[in-house]
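As a plain string of letters, each chain reads:
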Amino acid sequence: QLQASGGGSVQAGGSLRLSCAPSGGTFRSYTVGWFRQAPGKEREFVAAIRWTDSHTSYAESVKGRFTISRDRLKNTEYLQMNSLKPEDTAVYYCAASQGIIVSSMKNSASYRYWGQGTQVTVSS
């Protein structure tokens, strides 16, 4: 299982950092990603990182504002979110799986394990 944390409420332009860690085991050899779902909308890809080589992928809507990273010692993955906008408001889910090829990193169906979600609310 995955444990996601770090959500909250901020004003537009603010920052939040989300964390994701496995409740057991390690992220070594996994691809870890973030997806989000706003009310009435489908779940969408946000960012992902492959732990073996740190290859990253971002949704166009968050490029330049969000940064995904890993801490091997803490076995934790982070999503630093800066310059937040009201349209970033959603429940954010971390997900992980092994054996995801680069072209499939943005596909939610590629991920086997999911966290419980953490709410991010950005007010204008």
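Higher on the page you've got the structure.
Keep in mind that this is a model prediction, so the values were computed, not measured.

A.B. asks: So what exactly am I meant to see when it comes to the state of the cysteines here?
C.D. replies: Note on terminology: disulfide describes a covalent bond linking the sulfur atoms of two cysteines. Under the criterion given, the structure shown has one disulfide. Here Cys 20 connects covalently by a disulfide to Cys 94, the sulfurs 2.3 Å from one another. Looking along the S-S bond of the Cys 20-Cys 94 disulfide, the torsion reads about 65°, which is the right-handed sense. Of this pair, Cys 20 sits in strand β3 (residues 16–22) while Cys 94 sits in strand β9 (residues 90–98); the two residues are 74 residues apart in sequence, bridging distant segments of the chain. The exposure class assigned to Cys 20 is buried, which follows from its relative accessible area of 0%. Classification of Cys 94 by relative accessible area gives buried; the value is 0%.

A.B. asks: In this structure, what is going on with the side chain of Arg 65? I would like to understand it.
C.D. replies: Within the element layout of this structure, Arg 65 appears in the loop between β6 (55–58) and β7 (66–71). By relative accessible area, which is 10% here, Arg 65 ends up buried. Here the side chain of Arg 65 touches Ser 83 through a polar contact of 3.0 Å, landing on its backbone oxygen. For Arg 65, the residues in contact, after removing those within four places along its chain, are Gln 80, Met 81, Asn 82, Ser 83, Leu 84, Lys 85 and Asp 88.

A.B. asks: Even after reading the chapter, I still don't get the pattern of salt bridges, so can you show me in this structure?
C.D. replies: Where charged atoms from two side chains of opposite charge approach closely, those side chains can pair. Inspection of every chain in the model, using the stated rule, returns five salt bridges. Across the pair Glu 44 and Arg 36 runs a salt bridge, and its minimum N-O distance is 2.6 Å. For Glu 44, a relative accessible area of 35% puts it in the partly exposed group. Classification of Arg 36 as buried rests on a relative accessible area of 5%. Put simply, Arg 36 and Asp 88 hold a salt bridge, and the shortest N to O gap is 2.9 Å. In this pair, Arg 36 sits in strand β4 (residues 30–37) while Asp 88 sits in the loop between β8 (76–81) and β9, placing the two residues 52 residues apart along the sequence. Asp 88 gets classed as buried once you look at its relative accessible area, which sits at 0%.

A.B. asks: Got a minute to help me understand the environment of Ser 54 in this structure?
C.D. replies: For Ser 54, the position within the fold is in the loop between β5 (44–50) and β6. In this structure the C-alpha to C-alpha distance between Ser 54 and Lys 85, which are 31 residues apart in sequence, comes to 27 Å. Look past the residues within four positions of Ser 54 in its chain and what remains in contact with it is Ile 49 and Arg 70. Among the polar contacts made by the side chain of Ser 54, one reaches the side chain of Arg 70 at a distance of 2.6 Å.

A.B. asks: How should the sheet that holds strand β1 (residues 2–5) be read in this particular structure?
C.D. replies: Whether parallel or antiparallel, the strands of a sheet pair through hydrogen bonds between backbone atoms. Pairing is antiparallel in the open sheet, where four strands are placed in the order β1-β3-β8-β7. One side of each edge strand has no neighbouring strand; the edge strands of this open sheet are β1 and β7. Averaged over neighbouring strand pairs, the angle between their axes works out to 15° when direction is ignored. Where β3 lies against β8, five bridges are found, and the strand directions are antiparallel. Paired with Leu 16 across the bridge in β8 is Met 81.

Parameters and conventions
- Residues numbered from 1 in each chain as written.
- Predicted model: local features only at pLDDT ≥ 70, side-chain atom pairs only at ≥ 80, totals over all residues.
- Heavy atoms only, no water.
- Disulfide = S-S within 2.5 Å.
- Helix = DSSP H or I, 4+ residues; strand = E, 2+ residues; numbered from the N terminus.
- Buried < 20%, exposed > 50% of the residue type's maximum accessible area, 1.4 Å probe, protein only.
- Polar contact = N/O pair within 3.5 Å; in protein donor to acceptor, adjacent residues only side chain to side chain.
- Contact = heavy atoms within 4.5 Å.
- Salt bridge = Lys/Arg side-chain N within 4 Å of Asp/Glu carboxyl O.
- Pairing = 2+ DSSP bridges.
- Axes fitted to C-alpha atoms, helices over the stretch in contact; angles between N-to-C directions.

All we've got here are geometric facts, nothing functional implied.
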